[in-house]
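Architecture at a glance
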Amino acid sequence: VNAEGHSKTHGLVRLTWQDAFVSGDLVIDEKHRQLFTMGNELMEKAMQRAGHLVSIEEFDQIASHLAIHFEEEMEIVAQSGFPQEDIT
């Protein structure tokens, strides 16, 4: 906060969870919330390091989480009885 009481902002985009995103499956919804958190943390790190690269490891971490997430989500959807042709 500066002397005039204003905080410095950097125009960071922030992912915000909304009720419209709720799938109705508690596991999927929790994992989606985790992805929002991870995305926000990655964007915040990138902004804090303005002029410096975010590490490959940080991108790999979220990419690995996404890969596992999609596999698990497809299993949950398949087990729900949703028509297979719609899943594919």
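One structure accompanies this document, and this report is about it. (Residues numbered from 1 in each chain as written. Predicted model: local features only at pLDDT ≥ 70, side-chain atom pairs only at ≥ 80, totals over all residues. Heavy atoms only, no water.)

Describing the side chain of histidine 32
The line we're drawing: Helix and strand assignments come from DSSP, with helices taken as H or I runs of at least 4 residues and strands as E runs of at least 2, each series counted from the N terminus. Pairs of N or O atoms are called polar contacts if they sit within 3.5 Å, as long as, within protein, a hydrogen donor faces a hydrogen acceptor (for residues adjacent in sequence, only side-chain-to-side-chain pairs). For this analysis, residues touch if any pair of their heavy atoms sits within 4.5 Å.
Following the sequence through the fold, histidine 32 ends up in helix α1 (residues 26-48). A distance of 2.7 Å separates polar atoms of two side chains, one belonging to histidine 32 and the other to glutamate 73. Excluding its chain neighbours within four sequence positions, the residues that come into contact with histidine 32 are Trp17, His69 and Glu73.

What about the pattern of salt bridges?
As a reminder, the rule being used: Here, a salt bridge means any side-chain nitrogen of Lys or Arg that lies within 4 Å of a carboxyl oxygen of Asp or Glu. Any residue under 20% of the maximum accessible area for its type is buried, any over 50% is exposed, and the rest in between are partly exposed; the area is computed with a 1.4 Å probe on protein chains only.
Applying the stated criterion across every chain yields a total of 2 salt bridges. We note a salt bridge from lysine 45 to glutamate 58, for which the minimum N-O separation is 3.3 Å. A residue pair is termed long-range when its members are at least 10 positions apart, and lysine 45 in helix α1 and glutamate 58 in helix α2 (residues 56-79) qualify at 13 residues. Residue lysine 45 is classed as partly exposed on the basis of its relative accessible area, which comes to 32%. The exposure class of glutamate 58 is buried, given its relative accessible area of 12%.

Description of the packing of aromatic side chains
The cut-off we apply is this: A pair of aromatic rings is counted whenever rings of Phe, Tyr or Trp (Trp by its six-membered ring) have centres within 6.5 Å, and the orientation is called stacked for planes under 30 degrees apart, edge-to-face for over 60 and tilted otherwise.
Applying the stated criterion to the full structure yields 3 aromatic pairs. Taken together, a centroid distance of 5.3 Å and an interplanar angle of 75° make the contact between tryptophan 17 and phenylalanine 36 edge-to-face. With a gap of 19 residues between them, tryptophan 17 in the segment before α1 and phenylalanine 36 in helix α1 connect regions that are remote in the sequence. When the ring of phenylalanine 21 is compared with that of phenylalanine 36, the centres are 5.6 Å apart and the planes differ by 50°; the resulting orientation is tilted. Taken together, the residues phenylalanine 21 in the segment before α1 and phenylalanine 36 in helix α1 connect sequence positions 15 residues apart. Looking at phenylalanine 21, the relative accessible area reads 36%, which means it is partly exposed. Ring pairs connect the aromatic residues Trp17, Phe21 and Phe36, which therefore count as one cluster.

With respect to the packing of α1 against α2
In plain terms, the rule: With axes taken as lines fitted to C-alpha atoms, and helix axes fitted only over the stretch in contact, angles between N-to-C directions fall between 0 and 180 degrees. Each angle receives one of four descriptions, namely roughly parallel if under 35 degrees, roughly antiparallel if over 145, roughly perpendicular if within 65 to 115, and oblique otherwise. A clockwise turn of the near helix away from the far one marks a right-handed crossing, whereas an anticlockwise turn of less than a right angle marks a left-handed crossing. Here the nonpolar group is Ala, Val, Leu, Ile, Met, Phe, Trp, Tyr, Cys and Pro; Asp, Glu, Lys and Arg are the charged ones; every other residue, Gly included, is treated as polar.
Look at α1 against α2: their axes get within 11 Å of each other, and the N-to-C directions meet at 165°. The orientation of α1 relative to α2 falls into the category roughly antiparallel. By crossing handedness, the relation of α1 to α2 is classed as left-handed. Packed against α1, whose contacting residues are Val27, Ile28, Lys31, His32, Gln34, Leu35, Met38, Gly39, Leu42 and Lys45, the element α2 presents Glu58, Phe59, Gln61, Ile62, His65, Leu66, His69, Glu72, Glu73, Ile76 and Val77 at the interface. Partitioned by chemical class, the residues of the contact of α1 with α2 number 10 nonpolar, 6 polar and 5 charged.

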